[in-house]
Amino acid sequence: MNMDLSAIPTGVLVAVGVLILVEIVLDVISLVDLYRRPVAQVVFGNKWIWVAIILLVNTIGAIIYLVAGRKPAAVSEGLVPPAPTSVRAENVADALYGTRKDADTQ
């Protein structure tokens, strides 16, 4: 089968090129995320199932993984909550410029 690409309108060729690029980018993003994510944070608990879905179901497979295939990371208990912004800002200002003489100690 001999196909002449000049017979296809330029807009269609550009649209197909953009769709191919989007598919490749989505596949790479989802596969890298799957590789870095622990098995405990993957739905079904098996990464090979998701590799097959991502690669065999084209663009929709990557979107399905990114939307529904990932579990949120567990929040670790015992973490110290960050200090209020004003305290951190004062600490940074003190470190840069020295403590103020009229500042009350906390």
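Above this note sits the structure.
Quick look at the structure, then.

Rules of the game
Residues numbered from 1 in each chain as written. Predicted model: local features only at pLDDT ≥ 70, side-chain atom pairs only at ≥ 80, totals over all residues. Heavy atoms only, no water. Axes fitted to C-alpha atoms, helices over the stretch in contact; angles between N-to-C directions. Helix = DSSP H or I, 4+ residues; strand = E, 2+ residues; numbered from the N terminus. Parallel < 35°, antiparallel > 145°, perpendicular 65-115°, else oblique. Contact = heavy atoms within 4.5 Å. Nonpolar A, V, L, I, M, F, W, Y, C, P; charged D, E, K, R; others polar. Core = buried A, V, L, I, M, F, W, Y, C linked by side-chain atoms within 4.5 Å. Buried < 20%, exposed > 50% of the residue type's maximum accessible area, 1.4 Å probe, protein only. Polar contact = N/O pair within 3.5 Å; in protein donor to acceptor, adjacent residues only side chain to side chain.

**A few points about the packing of helix H2 (residues 47-56) against helix H3 (residues 58-69)**
- Orientation of H2 relative to H3, taken along the N-to-C sense of each, is 140 degrees, at an axis distance of 5 Å. Judged by the inter-axis angle, H2 sits oblique to H3. Packed against H2, whose contacting residues are Trp50, Ile53, Ile54, Leu55 and Leu56, the element H3 presents Asn58, Gly61, Ala62, Ile64, Tyr65 and Gly69 at the interface.
- For the contact of H2 with H3, the residue count by class is eight nonpolar, three polar and no charged.

**Some details on the nonpolar core**
- In terms of nonpolar packing, the biggest core is built from seven residues, these being Leu26, Leu34, Val42, Trp50, Ile54, Ala62 and Tyr65.
- Listing elements by their share of this core, those giving two or more residues are helix H1 (10-36), H2 and H3.
- What Leu34 contacts, discounting residues up to four positions off in sequence, is Val42, Lys47, Trp50, Val51, Ile54 and Tyr65.

**Structural notes on the side chain of Arg37**
- Within the element layout of this structure, Arg37 appears in the loop between H1 and H2.
- Judged by relative accessible area, which is 14%, Arg37 ranks as buried.
- Separated by 3.1 Å, the side chains of Arg37 and Gln41 make a polar contact.
- Setting aside chain neighbours within four positions, we find Arg37 in contact with Val42, Lys47, Tyr65, Arg70 and Lys71.

**Focus: the environment of Ile29**
- Counting through the fold element by element, Ile29 comes out in helix H1.
- For the pair Ile29 and Ala62, spaced 33 residues apart in the sequence, the C-alpha separation amounts to 8.3 Å.

**Quick notes on unusual backbone geometry**
- A positive phi is found at Phe44, a non-glycine position, where the angle reads about 75 degrees.
- Position of Phe44 among the secondary structure elements: in the loop between H1 and H2.
- Of note in this structure, Asn58 is not a glycine but carries a positive phi near 55 degrees.
- The residue Asn58 is located in helix H3 in this model.

These figures capture arrangement, not role.
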